[in-house]
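Close look at the chain arrangement
Here is how the chains run, residue by residue.
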Amino acid sequence: MWSPNVNIFRDPRWGRGQETPGEDPTMASKYAVAFVKGMQGNSSAILQTSACCKHVTAYDLEDWNGVQRYNFNAKVTAQDLEDTYNPPFRSCVVDAKATCIMCAYTGINGVPSCANADLLTKTVRGDWGLDGYIASDCDAVAIMRDAQRYTQTPEDAVAVALKAGLDMNCGTYMQQHATAAIQQGKLTEEDIDKALKNLFAIRMRLGHFDGDPRSNSVYGGLGAADICTPEHRSLALEAAMDGIVLLKNDAGILPLDRTAVASAAVIGPNANDGLALIGNYFGPPCESTTPLNGILGYIKNVRFLAGCNSAACDVAATDQAAAVASSSDYVFLFMGLSQKQESEGRDRTSLLLPGEQQSLITAVADAAKRPVILVLLTGGPVDVTFAQTNPKIGAILWAGYPGQAGGLAIARVLFGDHNPGGRLPVTWYPEEFTKVPMTDMRMRADPATGYPGRSYRFYQGKTVYKFGYGLSYSSYSRQLVSGGKPAESYTNLLASLRTTTTSEGDESYHIEEIGTDGCEQLKFPAVVEVQNHGPMDGKHSVLMYLRWPNAKGGRPTTQLIGFRSQHLKVGEKANIRFDISPCEHFSRVRKDGKKVIDRGSHYLMVDKDELEIRFEA
């Protein structure tokens, strides 16, 4: 199974951002581990499926301003590779034991990913220890010659890919040209054997040669009855509900009391479209509940109008929509994007809602009896500043592409059967961010040239909504109550290590010199007390960040180091433990790609609550 996609959602216009867990390397890494372990099962010897983390590395552009992924050369610094682009892939291999890595179409600093021996053999298989195979993205070997002109002949392309560490080409190019490459002396039989061993070893672990799988495989008893079970459907609903983010809720308009809603207007192109729920890369859903059907489960007197010919909204029935809104008790608007605006092969050029959507929403809000409720179905972020600041738009929800149970999940949130607790996995930038070229791969800001940087870690411009933002129907308090070790516990270990001094005068310790055992000794727990002050029970996410004393030398402004969810009843308190590893969580990456821990103060942060940890001999 060539999944998951764990590329960093670097640019808000990226059409495939919807496939990924977001912009933060810590979050993407944890997602990668959970996904791969869920796919592959609990046994390292016998695989349930073979999961493939894609697309290594720094791949996040489809087709922008005439630049296509097939011929794009991503210019990436060693610093950005090490602390942003590579961590999810490293976690896939090192922590989750993924059995496949897929290389990307793009070139990295002049070398196609699938021809990059330093990346595939030295890093993925050598440093990280991949026990599995490396696959190309589809036709990535062919484009080395055809689009990138990296090699002169097809035989050269096949040879350079296999020798770099590729084992399987998605497509027919290798089958067509490998024999000639051997005949021309560009490949050896040993090169072919090396790839075959990697491929067949995984097939053996999948049980392909163990006879009838119904009698021999751990998973041989699985069949059609194991698909779409009540447990699976319940999980789809839970995932959809947990993923909904409440962005605005003026005067507590939500949740609604179903008995107090005499009539409702449901307006928007995404209100009754099952395809709008499932984004890209999907199988047929077991069942599907559209947002309109979800609301009909709570209110019977509902008038529906699409309002637009599609999510593109080239044609809008604005007057008709305003008339329907003015004669209804409550108004729900289901707007956003579709695969026609964002998908594989298609990047966006604007962060605004497409076509006539904004004017339609504003006209409906103006005509409505009371503030309207806007629900956005999108994969990527949108600039909805107009709705954020309009008092006639009382609430905004972002539901992503929530899957088969999305309509029911949205309705349960609207009517208070679920207390929203989702947080944004990406920064929502203003439209002016589109002035930044998608082709600029730098994460860090460059004030001298006006480059604003990317992601909450480095971006220095205005935001519409920040990474990690999300409201709830309840109010929660979070407080750091303990953390760190006695200073003397660091002294003996650090005293034997040399420090290096940066040009800014900061001293730091090299992670490599601390070593595996030393890093283990430095670990400590940090505890956060969280309380639900009501008025509803709810699942609450606690996000812990690290802050350095300054953001010089390419340090992030802040860095997410952990997140935990806890279900709390009204009035309930809980202590949530975070296991802190200074080597992992306090370290930063220098310009040369080396990881170090600065001597001195580091600050654990939960909201505005901080705890200082001194790291020195």
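To keep things clear, this report deals only with the structure shown in the data block. (Residues numbered from 1 in each chain as written. Predicted model: local features only at pLDDT ≥ 70, side-chain atom pairs only at ≥ 80, totals over all residues. Heavy atoms only, no water.)

Some words on the nonpolar core
Counting 94 residues, the largest nonpolar core has L376 and W428 as the members making the most contacts within it. Shared between two domains, this core takes at least three residues from each, and those domains are domain 1 (17-215) and domain 2 (229-422). For L376, the contacting residues outside a window of four places in its chain are M335, G336, L353, V382, V384, I396, L397, W398, A399, G400 and W428. Counting residues in each nonpolar core, the second largest holds 38 residues, with A264, I295, L377 and L414 among its members. (Core = buried A, V, L, I, M, F, W, Y, C linked by side-chain atoms within 4.5 Å. Buried < 20%, exposed > 50% of the residue type's maximum accessible area, 1.4 Å probe, protein only. Domains from an automatic or database assignment. Contact = heavy atoms within 4.5 Å.)

Some points on the sheet that holds strand 7 (residues 111-112)
Spatial ordering of the open sheet is given by 4-6-7, a layout of three strands whose pairing is mixed. Strands with a single pairing partner mark the edges of an open sheet, and in this sheet they are strand 4 (73-74) and strand 7. Pairing analysis gives two bridges linking strand 6 (residues 107-108) to strand 7, with the strands arranged antiparallel. Bridging from a neighbouring strand, I108 pairs with V111 of strand 7. (Pairing = 2+ DSSP bridges. Helix = DSSP H or I, 4+ residues; strand = E, 2+ residues; numbered from the N terminus.)

What about the state of the cysteines?
Counting across every chain of the model gives seven disulfides. A sulfur-sulfur distance of 2.1 Å marks the disulfide that ties C53 to C92. Around the S-S axis, the bridge from C53 to C92 shows a dihedral of about -90° and counts as left-handed. Taken together, the residues C53 in strand 1 (residues 52-56) and C92 in helix 3 (residues 87-94) connect sequence positions 39 residues apart. (Disulfide = S-S within 2.5 Å.)

A few points about the packing of helix 10 (residues 230-243) against helix 15 (residues 406-414)
Two elements in contact, helix 10 and helix 15, have axes whose closest approach is 8 Å; the angle formed by their N-to-C orientations is 50°. It follows that helix 10 is oblique to helix 15 by the angle criterion. Helix 10 and helix 15 meet at a crossing whose hand is right-handed. Along the contact surface, helix 10 presents L237, A240 and M241, while helix 15 presents G406, L408, A409 and R412. In terms of residue class, the contact of helix 10 with helix 15 is built from five nonpolar, one polar and one charged. (Axes fitted to C-alpha atoms, helices over the stretch in contact; angles between N-to-C directions. Parallel < 35°, antiparallel > 145°, perpendicular 65-115°, else oblique. Left-handed = near helix turned anticlockwise from the far one by under 90°. Nonpolar A, V, L, I, M, F, W, Y, C, P; charged D, E, K, R; others polar.)

Quick notes on the packing of aromatic side chains
Summed over all chains, the structure comprises 17 aromatic pairs. For the ring pair F9 and W14, a centre distance of 6.3 Å and an interplane angle of 75° mean the geometry is edge-to-face. Summarising the burial analysis for this pair, F9 and W14 share the class buried. For the ring pair Y509 and F615, a centre distance of 5.9 Å and an interplane angle of 75° mean the geometry is edge-to-face. One end of the pair, Y509, is in strand 17 (residues 507-510); the other, F615, is in strand 25 (residues 609-615), and 106 residues separate them in sequence. Here the two residues Y509 and F615 agree in accessibility, since each one is buried. Chaining the aromatic ring pairs together yields one cluster made of W398, W428, Y465 and Y469. Sitting over the ring of Y281, K54 keeps its end group 4.9 Å from the ring centre. Here the basic side chain of R442 rests over the ring of Y451, its NZ or CZ set 4.1 Å away from the ring centre. (Phe/Tyr/Trp six-rings, centres within 6.5 Å; stacked < 30°, edge-to-face > 60°. Lys NZ or Arg CZ within 6 Å of the ring centre and 35° of its normal.)

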